[in-house]
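# Summary of the model geometry
Here are the chains, one letter per residue:
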Amino acid sequence: EVLFVIQLFNKGRNSKKILSPLLVKKVKNIVAFADGCIDNSADLLHKEMRGANHIVLQVNDVHEIKNYRLSLDIAKNLNCKYVFLMQDDDIYEESIFNWIDKGINVMNEDKISIIGGNSGANYIEDYNYGPIENIEKFNYSKFKTFINKYSEKFYEIEGFFKFKIPNVKSTKDFSNYEFVCTVNRAPQLINVNSAKSLNFFPKELEPFQYDDYYNCLNAWENGYKILLAPFSQKITNEVGGMRLYNNISKNKRGNHFYKNYNFVISKYQNLINSGRLNKLINEANENISSYH
């Protein structure tokens, strides 16, 4: 029922490590994108991926959003109900399959569209979220994380937006979880039908950035929930690789950052600032069932 989705950006050297737990487990459905790779990523993937539903796509710098949107279509074609999104710098222990099994059970029990296994963000009460107008200042403003006197964690781009980081402990067995506003990047387990019906990973946000915010807010707006259950048995092998991202630093961003943020906030500003989003999340967490 699950399509495993891998993106490689000049990380062919990692392909065997990434694929190893999937191949040992004899995973039936895998799609791997060799995106803008000028190393031998596609060849190395082909050598490892021998199954009938093991698909390697060599694409030319189309980046995350288009790759993930294409994966939803491939999942429908292969009759998969879920996609499990992966990146090329994360190596998983075999316990990830237990995490996925529990995630599927949870999705069957509740109206959940996305389960994140990495981290997340919550919008802050009484903070006014709005579009970015001073583009030059935004592109060079500092990104920072900090802890307040109550030991609560936050991250912000000074003067533009601030988010609270959910305090959910990582586990190997899906034993800690919480409903949150948004979950950040891979790994993510996504219900394909909800993703297709709500137009996740829209073209307007290509090539990358803030699509995970869009998907999550879109889900909450339309009666679905977002769950964070951080997975601990993952090794971050190395960071980077996507050429478009290589010119980005903490204090220097491309124009698509502000454009995408404004696209998202223009659609969901009222949901956030009215307090309706936090009300939905608080109610979900108050009524959270035991998924064990």
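These lines cover the structure that appears in this document, whether it is placed above or below. (Residues numbered from 1 in each chain as written. Predicted model: local features only at pLDDT ≥ 70, side-chain atom pairs only at ≥ 80, totals over all residues. Heavy atoms only, no water.)

When we look at burial in helix H10 (residues 276-286), the residues that qualify are Leu277, Asn278, Ile281 and Ala284. Buried residues of H10, seen end-on, are gathered within an arc of 125° and therefore sit on one face of the element. Of the residues in H10, the exposed ones pointing more than 90 degrees away from the buried face are Lys279 and Glu286. (Buried < 20%, exposed > 50% of the residue type's maximum accessible area, 1.4 Å probe, protein only. Helix = DSSP H or I, 4+ residues; strand = E, 2+ residues; numbered from the N terminus. Arc of directions from axis to C-beta.)

Time to look at unusual backbone geometry. Backbone torsion omega between Ala186 and Pro187 reads 0°, so that peptide bond is classified as cis. Secondary-structure assignment places Pro187 in the loop between strand S12 (182-184) and strand S13 (188-191). That bond from Glu206 to Pro207 is cis: its omega, 15°, falls within 30 degrees of zero. Tracing the sequence through the fold places Pro207 in the loop between helix H6 (192-197) and helix H7 (211-221). You will see that Phe174, though not glycine, has its phi angle at about 65°, which is positive. Inspection of the secondary structure assignment puts Phe174 in the loop between strand S10 (161-165) and strand S11 (178-179).

To continue, consider the packing of aromatic side chains. The full count for this structure, using the stated rule, is 29 aromatic pairs. Judged by centre distance (4.8 Å) and plane angle (80°), the ring pair of Tyr123 and Phe163 falls under edge-to-face. You can see Tyr123 sitting in the loop between strand S7 (119-121) and helix H5 (135-140) and its partner Phe163 sitting in strand S10, a full 40 residues away along the chain. An identical accessibility class is assigned to Tyr123 and Phe163; each is buried. (Phe/Tyr/Trp six-rings, centres within 6.5 Å; stacked < 30°, edge-to-face > 60°.)

The next subject is the layout of surface pockets. Here the second largest pocket defines a volume of roughly 420 Å³. Forming the walls of the second largest pocket are 18 residues, and the residues nearest its centre are Asn122, Lys164, Ile165, Pro166 and Asn167. For the lining of the second largest pocket, the element with the most residues is H10, which contributes 4 residues. (1 Å grid on protein atoms, 1.4 Å probe; cavity = no way out; pocket = protein on both sides within 12 Å on 5 of 7 lines; lining within 4 Å. Points joined across faces, edges and corners; volume = space filled by probe spheres on them.)

Membership of the largest hydrophobic core comes to 98 residues, with the highest contact counts inside it found for Phe4, Phe84, Trp99, Ile115 and Phe161. A total of 8 residues in this core trace back to one element, the largest contributor, which is helix H9 (residues 255-273). The residues contacting Phe84, other than those within four sequence positions of it, are Val2, Leu3, Phe4, Val5, Tyr92, Ile96, Trp99, Ile100, Pro187, Gln188 and Leu189. (Core = buried A, V, L, I, M, F, W, Y, C linked by side-chain atoms within 4.5 Å. Contact = heavy atoms within 4.5 Å.)

What follows covers the sheet that holds strand S8 (residues 143-147). As a general point, the strands of a sheet are linked pairwise by backbone hydrogen bonds and lie either parallel or antiparallel. What the 3 strands build is an open sheet, ordered S8-S9-S10; its pairing is antiparallel. Looking at which strands have only one partner, the edges of the open sheet turn out to be S8 and S10. Taken pair by pair, the neighbouring strands of this sheet meet at an average axis angle of 20°, ignoring direction. As paired elements, S8 and strand S9 (residues 153-157) share 5 bridges and run antiparallel to each other. In the strand pairing of S9, Thr145 is matched with Tyr155. (Pairing = 2+ DSSP bridges. Axes fitted to C-alpha atoms, helices over the stretch in contact; angles between N-to-C directions.)

Checked against the element boundaries, Ile135 lands in helix H5. Taking C-alpha positions, Ile135 is 25 Å from Glu125, a pair spaced 10 residues apart along the chain. Setting aside its immediate chain neighbours within four residues, Ile135 contacts Asn255 and Tyr258.

Okay, the pattern of salt bridges next. By the definition in use, this model includes 12 salt bridges. We note a salt bridge from Glu1 to Lys81, for which the minimum N-O separation is 3.3 Å. Remark: Lys81 occurs in the loop between helix H3 (63-77) and strand S4 (82-85) and Glu1 occurs in the segment before strand S1 (2-8); sequence separation between them is 80 residues. A relative accessible area of 47% places Lys81 in the partly exposed class. Ionic pairing is found between Glu283 and Lys279, a salt bridge with its closest N-O pair at 2.7 Å. One end of the pair, Glu283, and the other, Lys279, are both in helix H10, 4 residues apart, so they sit about a helical turn from each other. Among the residues examined, Glu283 registers a relative accessible area of 33% and is labelled partly exposed. Through salt bridges that share partners, Glu64, Arg185 and Asp211 make up one connected network. (Salt bridge = Lys/Arg side-chain N within 4 Å of Asp/Glu carboxyl O.)

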